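Chains, contacts and geometry: an overview
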Amino acid sequence: MPGMAGSNALALAPDVLVRGAGAVGLAAALALARQGLRVALLGQPTAPSISTPGSTPGGTDIRAYALNGASVDLLTELKVWEAIPAAARTQVHEMRIEGDDGASVLEFSAWNSALAELAWIVDAAALDAALREAVRFAPHIERVAAPVSASLTLLAEGKDSATRAALGSRMVRRSYGHQAIAARLEATRPHAGLARQWFRAPDVLALLPMDQPRHDHGLALVWSVPDERVAQLLALTDEAFEAELAQATAGAAGELRLIGARAAWPLSIGRAEPLHGPGWLLLGDAAHVVHPLAGQGLNLGLADVASLARILTERESWRSPGDVRLLARHARARAGDTLAMGTLTDGLLHLFSHPSPWARELRNRGLGLVNHLPPLKRLLTRAALGR
Ligand SMILES: Cc1cc2nc3c(=O)[nH]c(=O)nc-3n(C[C@H](O)[C@H](O)[C@H](O)COP(=O)(O)OP(=O)(O)OC[C@H]3O[C@@H](n4cnc5c(N)ncnc54)[C@H](O)[C@@H]3O)c2cc1C
């Protein structure tokens with residue numbers, strides 16, 4: 001089993017150094033080690049930190065991720081997907097998005113698009129544990145306690161990466177003045193694989209189906225609210241918080257009971273520039289941050305990993321992994337996707353948080369209009385799968 005090593009303890013110089021052991025760094029280490037590249041991994045082997053006022057006791061990540069088909073494909077290839085307990089990954093069969101006029105609705109269905117599911121909701125802590133376990137047994141990965149020299153350094157240190165600035169890259173970030181409150185709930189009504197989202201300016205609230213703590217009755221909450229309301233909502237008793245939720249969701253998911261702690265994450269949008277330089281490349285949140293309303297941040301990070309892995313597999317034999325042309329190839333391949341997702345989530349958020357009557361009219365009419373265009377809905381569904 002590979003253990004923790006200092007730079008001198010590595011038998012052979014690594015081809016790749018991965019800095020940051022969040023989901024993206026771990027997936028990158030696994031994907032490149034599978035190609036036979038020697039990977040050094042620098043990062044805490046423990047669960048990810050929660051950079052919030054509401055860290056849960058013990059630091060467990062209480063979030064659940066909506067993962068698209070492309071992310072599931074990558075995790076399957078890395079032998080991580082099947083290692084996640086079945087109750088910690090739940091299929092989304094339908095999606096219902098409600099506007100703020102109480103009547104406009106946009107609905108997506110896997111059946112209508114001839115798909116097995118629209119997405120999966122995955123317990124963040126279970127995904128992290130499965131990734132770390134896979135890394136523990138991967139033959140070409142060595143954990144290191146300090147940076148080591150390698151042909152390619154991958155920076156997957158998350159949005160607050162310190163090394164990024166040291167390499168001369170800068171992330172221009174804009175705060176939304178909102179935070180996302182996450183929590184787990186148990187509902188009296190079965191979720192039946194339905195993910196719900198309410199745009200109620202200025203809030204965006206999502207209830208995602210989970211089979212924890214009880215099959216068909218668990219929900220993951222992601223509730224984006226203005227900064228000034230966060231402390232108040234976190235300080236409420238469980239009963240008072242449940243009452244706020246009942247009001248915000250109009251009882252649509254049945255009676256909701258909190259399971260465990262609540263925690264909040266500050267929300268921002270950002271993109272680092274440049275994304276790569278001689279022998280280094282940014283991946284995941286270190287490269288781009290988006291609002292979680294579309295549940296795409298980790299999907300983008302895992303797509304970065306898949307793209308890099310493909311480009312390194314297909315590289316000319318005389319190019320080393322850190323060859324700047326390969327990194328430029330990767331950056332070009334990913335530019336459209338990340339820019340589009342940032343622009344889409346940002347645009348939606350502005351449209352749905354704008355208080356003016358014309359914006360309200362526009363967003364609600366827009367939802368209704370798209371809902372009556374099945375071909376467009378099928379197109380959007382397939383695009384969201386990321387395949
Ligand atoms: C409330 C919320 C809900 C979300 N929901 C979704 C969703 O449904 N779907 C989705 O796709 N995405 C979602 N996201 C986005 C997703 O959480 C992130 O995109 C993803 O976690 C980024 O992973 P990462 O590995 O790039 O960064 P991180 O998870 O931040 O990991 C970076 C790691 O690097 C370590 N590190 C930092 N500095 C150093 C250093 N100098 N040396 C070594 N290690 C270092 C950190 O400790 C950390 O372990 C959500 C985000 C939030 C806030």
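Notes on the structure in this doc start here. Since the structure is predicted, the reported quantities are computational estimates derived from the model, not experimental observations. (Residues numbered from 1 in each chain as written. Predicted model: local features only at pLDDT ≥ 70, side-chain atom pairs only at ≥ 80, totals over all residues. Heavy atoms only, no water.)

The next thing to look at is the site of the ligand. The local shell around the ligand holds 24 residues, among which Ala66, Asp285, Gly297, Leu298 and Asn299 are the closest. In this structure, tyrosine 65 approaches the ligand through a side-chain N or O atom, which is 3.4 Å from an oxygen atom. A distance of 3.3 Å separates a nitrogen atom of the ligand from a polar backbone atom of glycine 297. Tallied by class, the residues present in the shell around the ligand amount to twelve nonpolar, nine polar and three charged. (Near = heavy atom within 4 Å. Polar contact = N/O pair within 3.5 Å; in protein donor to acceptor, adjacent residues only side chain to side chain. Nonpolar A, V, L, I, M, F, W, Y, C, P; charged D, E, K, R; others polar.)

On to the sheet that holds strand E11 (residues 170–187), then. Pairing within the open sheet is mixed, and its eight strands lie in the order E7-E6-E12-E13-E14-E11-E15-E18. On the outer flanks of this sheet lie strand E7 (105–109) and strand E18 (288–289), each paired with one strand and no other. Taken together, the five bridges between strand E6 (residues 94–98) and E7 define a ladder with antiparallel strand orientation. The residue of E7 that forms the bridge with arginine 96 is glutamate 107. Seen against the sheet, helix H5 (residues 227–235) touches E11, strand E13 (203–210), strand E14 (218–226) and strand E15 (256–273) and runs at an angle of roughly 135 degrees to E14. Running at roughly 65 degrees to E15, helix H6 (residues 238–249) makes contact with E11, strand E12 (194–200), E13, E14 and E15 of the sheet. (Pairing = 2+ DSSP bridges. Helix = DSSP H or I, 4+ residues; strand = E, 2+ residues; numbered from the N terminus. Contact = heavy atoms within 4.5 Å. Axes fitted to C-alpha atoms, helices over the stretch in contact; angles between N-to-C directions.)

Bringing the packing of aromatic side chains into the picture now. For the structure on display, the rule yields two aromatic pairs. Measuring from centroid to centroid gives 5.2 Å for tryptophan 81 and tryptophan 120, while their planes differ by 80 degrees, and the two rings are edge-to-face. A residue pair is termed long-range when its members are at least 10 positions apart, and tryptophan 81 in the loop between helix H2 (69–77) and strand E5 (89–92) and tryptophan 120 in strand E8 (residues 119–123) qualify at 39 residues. In this structure, tryptophan 81 and tryptophan 120 share a single accessibility class: buried. Looking at arginine 262, its charged tip hangs above the ring of phenylalanine 241, at a distance of 4.6 Å from the centre. (Phe/Tyr/Trp six-rings, centres within 6.5 Å; stacked < 30°, edge-to-face > 60°. Buried < 20%, exposed > 50% of the residue type's maximum accessible area, 1.4 Å probe, protein only. Lys NZ or Arg CZ within 6 Å of the ring centre and 35° of its normal.)

Quick look at the pairing of strand E10 (residues 152–155) now. Residues of E10 alternate between two faces, with Leu152 and Leu154 on one and Thr153 and Leu155 on the opposite face, all of them buried. Sheet topology places strand E2 (residues 16–19) next to E10; four bridges connect them, and they run parallel. Looking at E10, one finds that leucine 17 is bridged to threonine 153. Note that E10 and strand E17 (residues 280–282) share three bridges and pair parallel.

Before going further, it helps to spend a moment on the nonpolar core. In this structure, Leu127 and Leu154 are the most contacted members of the largest nonpolar core, which totals 51 residues. It is helix H1 (residues 23–33) that contributes the most residues to this core, ten residues altogether. Dropping the residues within four chain positions of it, leucine 154 is found in contact with Val16, Leu17, Val18, Arg19, Ala28, Leu32, Leu281, Leu283 and Leu308. Grouped together as the second largest cluster of nonpolar side chains are 21 residues, Leu207, Trp223, Leu233 and Phe241 included. (Core = buried A, V, L, I, M, F, W, Y, C linked by side-chain atoms within 4.5 Å.)

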